[in-house]
Amino acid sequence: MGLSVAEDFPWTKNNPGSFYYGTFPAGFLWGVGSSAYQTEGAWDKDGKGLSIWDVFTHSKGKVLRNETGDSACDGYYKVKDDIQLLKELKVNHYLLSISWPRIMPTGIKAEQLNEKGIQFYNDTINSLLENNITPIVSLYHWDLPQVLQEKYGGWQNISMINYFNDYANLCFEKFGDRVKHWITFSNPWAVAKQGYETGEHAPGLKLSGCGAYKAAHHIIKTHAKVWHSYNSTWRREQRGMVGISLTSGWGEPVDPHSQTDRDAAERYIQFHLGWFANPIYRGDYPEVMKNYVGRKSAQQGLGTSRLPTFSVQEKTYIKGTSDFLGIGHFTTRYVLQKNFPFLQVSSYHTDHDLAELVDPNWPAPGPKWLYSVPWGFRRLLNFIKTQYGNPLIYVTENGVSETVQCPQLCDEWRIQYLKGYINEILKALNDGVNVKGYTAWSLLDKFEWNKGFSERFGLYHIDFKDKNKPRYPKASVDYYKKIISANGFPNPREVENWHRKAMDTCSASHQHLPADSLITHMEMVTEIVLPTVFTLCILISIVLLIFYLRNHS
């Protein structure tokens, strides 16, 4: 199936930016999310083992400003405080992840369990339920036990399948009586590509052209094994659901009338989303991936494709192993055909023969990669509906970050982003897409992987320079609360009113911040401005001295 262009969707025929007023179905779930390594801190406390991110961030030069998640948001010590924030938001659910090395320090069940870690998650889950908040739990948001990386090469090794399955079964045993929504892996695309291909993320391996495909292959097989474990051992008793969370942008053809651009946009989606979703929903890698990687492998003189193959039995075993599809989505790209010349050095990047463009008019409030393009979300959701048989979807990650240095509570761009993207889900529901819940990303400003604390996704601002890590609501908190309580966008006057009130509230909240802002500002003055001025003075003095000596010699 080729990519649909705007004409295929009656709603967007005239104006993809048009806003639709209406409400979500009764029982639609509203939530917010975060992950263990990004928020918990307490990296070496209470018997927790080392994760690959502990080791990666402790190596100089891997993360911006050499920042680490050692203490992050101190979420390990602030569960009660953060649950108060969730109550304030009036969310139905909270998406969190379990740190594998916190409950199984070496990653190997037979070696050691950490009861204090298990207790921590038990307490967290119980506190959420006591406050009528449903936990949605991811088993893996990137923090692999370091021992498994050192001993076996992490996701490059097939032995991960059984180790992870043991870990998953321990979680089902300990928490499954109360947790009914499980995610096996959060954004495995990033784990594979950035961990084992480009090395931007832990474990930092640069196995170009092969590493990502091999890691993904083992992750997909692991996911299927865990689903089958739950299905045969736990489902009847616990009656929960097991899915996976896949993050993908939307790819729009630059010229919707050009077949090569449409094919390139299709490849963009298949190399991101289809790489994982196609085996799970259709039994194998996308044909276009097999063709492109196979052909390029042959051009290199390789006997077999760099993209591994599934046996007939494996295809059958993997197909249908998701009770729901979690979708993370942030942005859109325009895509066109681009032939990469034949190179001896292969890479995932050059395998799909395409170039990505952005429209300079798209708002980009924060980092260079995250443009606000709401209409792409609806197209992605419709693509999933047609490609994968209209599966049950939970939006597991959607949000926008800012990169400003000063505390910024009046986050109008986040309000606009949430309003636009959530509205596209409402349109997709009217297209017949089966979306049951939405998770804003994220509850708190947190450690943003190789970007350190420079990117802030939180609805709540954290002052990381203050050892107490105080949380302050941004304007988007007030706005998101209104969407939740109205279950959508009832009418223009009311929605406009929300916006005005949220901005008024944040102007008032800013009064709480002067001390922090001033401290941060003073630190900037002392850390950056003063040394710079001092250095300039010295340089000017030297130059003047040289002139003086020259003139008098």
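Residues numbered from 1 in each chain as written. Predicted model: local features only at pLDDT ≥ 70, side-chain atom pairs only at ≥ 80, totals over all residues. Heavy atoms only, no water.

Undergrad: I tried to follow the packing of helix H8 (residues 188-196) against helix H10 (residues 259-282) on my own but got confused; where do I start?
TA: A packed helix pair is summarised by two numbers, namely the angle formed by the two axes and the spacing between the axes. It is the contact of H8 with H10, at a shortest axis distance of 10 Å, that shows an interaxial angle of 115°. Taken as a pair, H8 and H10 cross one another with a handedness that is right-handed. Contacts from Pro-188, Trp-189 and Ala-192 of H8 reach H10 at Phe-271, His-272, Trp-275 and Phe-276. (Axes fitted to C-alpha atoms, helices over the stretch in contact; angles between N-to-C directions. Helix = DSSP H or I, 4+ residues; strand = E, 2+ residues; numbered from the N terminus. Left-handed = near helix turned anticlockwise from the far one by under 90°. Contact = heavy atoms within 4.5 Å.)

Undergrad: Please clarify how the sheet that holds strand E11 (residues 393-398) should be interpreted in this entry.
TA: Strands pair in a sheet through their backbones, by hydrogen bonds, and they do so in one of two ways: parallel or antiparallel. The eight strands lie next to each other as E2-E3-E4-E5-E6-E8-E11-E12, forming a closed barrel whose pairing is parallel. Sheet twist, expressed as the mean angle between neighbouring strand axes with direction ignored, is 25°. In terms of strand pairing, E11 meets strand E12 (residues 435-441) through four bridges, oriented parallel. Within E12, the position partnered with Asn-398 by the bridge is Ala-440. Helix H5 (residues 115-130) contacts strand E3 (93-97) and strand E4 (134-138) of the sheet and is inclined by roughly 170° relative to E3. (Pairing = 2+ DSSP bridges.)

Undergrad: Which parts of the structure should I look at to understand the side chain of Ser-35?
TA: Here Ser-35 shows up in the loop between strand E2 (29-33) and helix H1 (36-39). For Ser-35, the residues in contact, after removing those within four places along its chain, are Ser-97, His-141, Trp-441 and Trp-449.

Undergrad: Help me understand the pairing of strand E6 (residues 241-247) in this model?
TA: Residues in a regular strand point their side chains to alternate faces of the sheet. Buried residues dominate E6, accounting for seven of its seven residues. Of the two faces of E6, the one carrying Met-241, Gly-243, Ser-245 and Thr-247 and the one carrying Val-242, Ile-244 and Leu-246 are both buried. As judged from the four bridges shared by strand E5 (residues 181-186) and E6, these two strands associate in the parallel manner. Bridge pairing links Ser-186 to Ser-245 in E6. Across four bridges, the pairing between E6 and strand E8 (residues 325-328) is parallel. Across the sheet, the residue bridging to Ser-245 is Gly-326, located in E8. (Buried < 20%, exposed > 50% of the residue type's maximum accessible area, 1.4 Å probe, protein only.)

Undergrad: Any chance you could explain the sheet that holds strand E9 (residues 332-337) here in plain terms?
TA: Read from one edge of the open sheet, three strands run E7-E9-E10, paired in mixed fashion. In this open sheet, the two edge strands, each paired with only one partner strand, are strand E7 (250-253) and strand E10 (354-357). Taking each pair of neighbouring strands and ignoring which way they run, the sheet shows an average axis angle of 40°. Where E7 and E9 come together, four bridges link them in parallel fashion. If you follow Trp-250 over to E9, its bridge partner there is Thr-332. On the sheet, H10 packs against E7, E9 and E10 and is oriented at approximately 130° with respect to E9.

Undergrad: Whenever I open this one, the pattern of salt bridges confuses me. Can you help?
TA: Pairs can form between side chains of opposite charge whenever their charged atoms are close. A full pass over the atoms with the stated rule returns 28 salt bridges. Here Asp-54 makes a salt bridge to Lys-48, at a shortest N to O gap of 2.7 Å. An identical accessibility class is assigned to Asp-54 and Lys-48; each is buried. A salt bridge links Arg-235 to Asp-323, with the shortest nitrogen-to-oxygen separation between them at 2.9 Å. Taken together, the positions of Arg-235 in helix H9 (residues 211-238) and Asp-323 in the loop between helix H12 (312-318) and E8 put the pair 88 residues apart, joining distant regions of the chain. (Salt bridge = Lys/Arg side-chain N within 4 Å of Asp/Glu carboxyl O.)

Undergrad: Where do I start with empty space enclosed by the protein in this structure?
TA: Empty space among the atoms can be located by rolling a probe the size of a water molecule over them. This model, assessed by the stated rule, comprises four cavities of 30 Å³ or more. Estimated volume of the largest cavity: approximately 220 Å³. Taken together, 19 residues form the lining of the largest cavity, with Ser-34, Thr-39, Gly-75, Tyr-94 and Thr-124 sitting closest to its centre. Residue assignment for the lining of the largest cavity shows that the elements contributing at least two residues are H1, helix H3 (79-89), E3 and H5. For the lining of the largest cavity, the element with the most residues is H5, which contributes four residues. Along the lines of polarity and charge, the residues of the lining of the largest cavity split into ten nonpolar, six polar and three charged. (1 Å grid on protein atoms, 1.4 Å probe; cavity = no way out; pocket = protein on both sides within 12 Å on 5 of 7 lines; lining within 4 Å. Points joined across faces, edges and corners; volume = space filled by probe spheres on them. Nonpolar A, V, L, I, M, F, W, Y, C, P; charged D, E, K, R; others polar.)

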